[in-house]
Amino acid sequence: MRNYWTIVTRELKSYFSSPVAYVVIGLFLLISGVFYYLIVTNFVQVCMRADMQAQMYRMAPPKLNINMMAIRPLFHNMSLFALFFLPLVTMRLYADEKRSGTIELLLTSPVSNLQHLAGKFTAAAVLYLLMLIFSFVYMILLYIFGSPETGPILTGYLGLYLLGLSYLSFGLFFSTLTDNQLIAAIATMVFILFFWAIGWLSGSVSPALGQALEQFSLIEHFDDFSKGIFDTQHVIFYLSFVVMGLFLSFISIESARWRGR
Amino acid sequence: MIDVRQVTRYFGRVKAVDQVSFQVEKGEILGFLGPNAAGKTTTMRILTTFLPATKGTATVAGYDVHLKSMEVRKRIGYMPENPPLYTEMRVRDFIDFVASIKGVDPRDRKRAVAETMDKTGVAHVSNRVIKTLSKGYKQRVGLAQALVHNPDVLILDEPTVGLDPKQIIEVRELIKSLGGNHTIILSTHILPEVSMTCERVVIINAGRVVAEDKPENLTRHLTASQRISVAVKGPKQDVQSKLSALSSVSQVIPSQSGDDASVHRFLLESLAENEIRPQVARAVIENGWDLFEMKPEGLSLEDVFLHLTTKEEGTEL
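So, how was this worked out
Residues numbered from 1 in each chain as written. Chains lettered and ligands numbered in written order. Predicted model: local features only at pLDDT ≥ 70, side-chain atom pairs only at ≥ 80, totals over all residues. Heavy atoms only, no water. Phe/Tyr/Trp six-rings, centres within 6.5 Å; stacked < 30°, edge-to-face > 60°. Helix = DSSP H or I, 4+ residues; strand = E, 2+ residues; numbered from the N terminus. Buried < 20%, exposed > 50% of the residue type's maximum accessible area, 1.4 Å probe, protein only. Lys NZ or Arg CZ within 6 Å of the ring centre and 35° of its normal. Contact = heavy atoms within 4.5 Å. Buried area = accessible area lost by both parts, 1.4 Å probe. Salt bridge = Lys/Arg side-chain N within 4 Å of Asp/Glu carboxyl O. Polar contact = N/O pair within 3.5 Å; in protein donor to acceptor, adjacent residues only side chain to side chain. Nonpolar A, V, L, I, M, F, W, Y, C, P; charged D, E, K, R; others polar. Domains from an automatic or database assignment.

Take the packing of aromatic side chains next. One pass over the structure, following the stated rule, counts 22 aromatic pairs over all chains. Arranged with centres 5.6 Å apart and planes meeting at 50°, the rings of F136 of chain A and Y157 of chain A form a pair that is tilted. Note that F136 of chain A is positioned in helix α6 (residues 113–145) and Y157 of chain A in helix α7 (residues 150–177), a separation of 21 residues in sequence. We classify Y157 of chain A as buried; its relative accessible area is 10%. Ring pairs connect the aromatic residues F170, F173, F174, F191, F194, F195, F225, F237, Y238 and F241 of chain A, which therefore count as one cluster. Its end group placed over the ring of F97 of chain B, R10 of chain A keeps NZ or CZ at 5.6 Å from the ring centre. A cation over a ring is seen here: K120 of chain A above Y94 of chain A, with NZ or CZ 4.9 Å from the ring centre.

The interface of chain B with chain A comprises 29 residues on the first partner and 24 residues on the second. Together, the buried faces of chain B and chain A total about 2600 Å²; carbon and sulfur atoms form 59% of this surface. Its largest share of buried area at the contact with chain A, chain B owes to F50, Y86 and I101 of chain B, together 27% of the area lost on that side. Applying the counting rule to chain B against chain A returns two salt bridges. There are 13 residue pairs in polar contact (both at pLDDT 80 or more) connecting chain B and chain A. Residue assignment for the side of chain B that touches chain A shows that the elements contributing at least two residues are β1 (2–11), α2 (69–75) and α3 (91–101) of chain B. Taken together, the residues that form the side of chain B that touches chain A break down as 17 nonpolar, six polar and six charged.

For the structure on display, the rule yields 24 salt bridges over all chains. For E97 of chain A, the salt bridge is made with K120 of chain A, and the minimal N-O distance between the two is 2.7 Å. Of the two residues, E97 of chain A sits in helix α4 (residues 92–100) while K120 of chain A sits in helix α6, which places them 23 residues apart along the sequence. As far as burial versus exposure is concerned, E97 of chain A and K120 of chain A are alike and both buried. Of the charged contacts, one joins R45 of chain B and E104 of chain A as a salt bridge, the two residues approaching to 2.9 Å between their closest N and O atoms.

This part takes up the domain arrangement of chain B. Here the domain parsing of chain B yields domain 1 (2–220) and domain 2 (224–297). If you average the C-alpha positions of domain 1 of chain B and of domain 2 of chain B, the two centres end up 46 Å apart.

We now examine helix α10 (residues 220–227) of chain A. All names here are of chain A. Along α10, the residues classified as buried are H221, F222, D224, F225 and S226. Where the residues of α10 are buried, they touch α3 (66–90), α7, α9 (207–216) and α11 (232–259). Once α10 finishes, G228 follows within two positions and takes phi at roughly 100°, a positive value.

In structure tokens, the structure reads:
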């Protein structure tokens, strides 16, 4: 357990002693901020227009739902940005150790493969958590100037976090496969994008297969979270995805030892 | 302390290490000598549990490297050829991190880190980021990393590669001073390093152990014949034929002449173990030439090494 924490701390320190953490968090917040601005100003315009129409026809002004019309699309956008930023967080975890040779230190120290694997994953998960916490500022602004419902915001964040953990676990896996960070990152993006878009095929194949494909789609399972629905089947889906990624990473590290790479 | 038995390792179809066996006693410094790609690093990686062996077993401090790898890892310090350094960390933080994952008691850690930094001479750069250090200092941090948990066994893969001559001497001194308390295996392809630091040498070539002995024994074995070099002032042809005629001299090889064109140098070889120098000296004087120089030419470890690694079947030694 102590080894696990030592690895977590080292990885986190390493994120923040290199530009990685700042760049990734900064750019993620910047681009989410831009979309936040666009979505919210659009929502305000829609509200104003609806108000004017209501006045014209002497009706009560309609109640437009900020959760549905602004926060939900924002969550969807953020889930896409995470797809591009999180592989940058995980790409170095093993690839860089292999490139620089520090993997020899790690694998000849009395630290089990499970310990450093879990440690590295945790460090990446903590970094992602920080990213989401910082982005909560946008929600605070909405609370100040509007009255969004808290429930859907919380489930949305939960969904976003679980989705991100799935990205991270496979990012970790691709990082164990190569000593080139760029390849690790790109492979992760392509892989996740595939599982993201797999649901879109459902319309063009047989209904049975289509339904199955939708079940595998990363983003289909996110939809309920963004609507404010907390369904354990989605939680289980994401957690199995995470476990799968970690399991593959574990196997990959073990087998690399036997193959001698 | 270290017992390697019939270890073989394949990479795909390539046999990198072929039935290597050797033992190292407690406190001994063993030199692991071989040309590049001889299997030194692979053998060391097997000993440090980084790679499993395809066949054969090895034990370190009584623990099998495969079955009890965690126990082995606690007891070894390993410095790979490229020191494994997290270059974005500060020296002190890095060594502290290594101490922690090597299982140094948290209460002792601060002291252990400070002591190791003193011993390896990196104390005055302890707050520098490793990236900014010179090659020599990185090498020392690499050594510190291997030493911090005070391991029974130290495995050093080419520890002096890329250092300047002064640093090489310092590192060798350091390694020598560590012998006794630690059992050390040191790999190198630089021969003088072995004769200077090691008590015993294992020569490995193409994955096989071709010789194993003390450095001075290895040299002596191959110097059953004696070689001396002489410098004589006199007519070259005459000198050569007269010297060749001596009973105990088996071969006379003319070698590079010095500045003075009339002084000729020869390399004499004798078959027997008897001393040929008096005989040669007398012959020179009796012929009225001048003897400028005469010195014995021992076979250097370098010659032994070449001798062993270039022969087809080099195991008969």
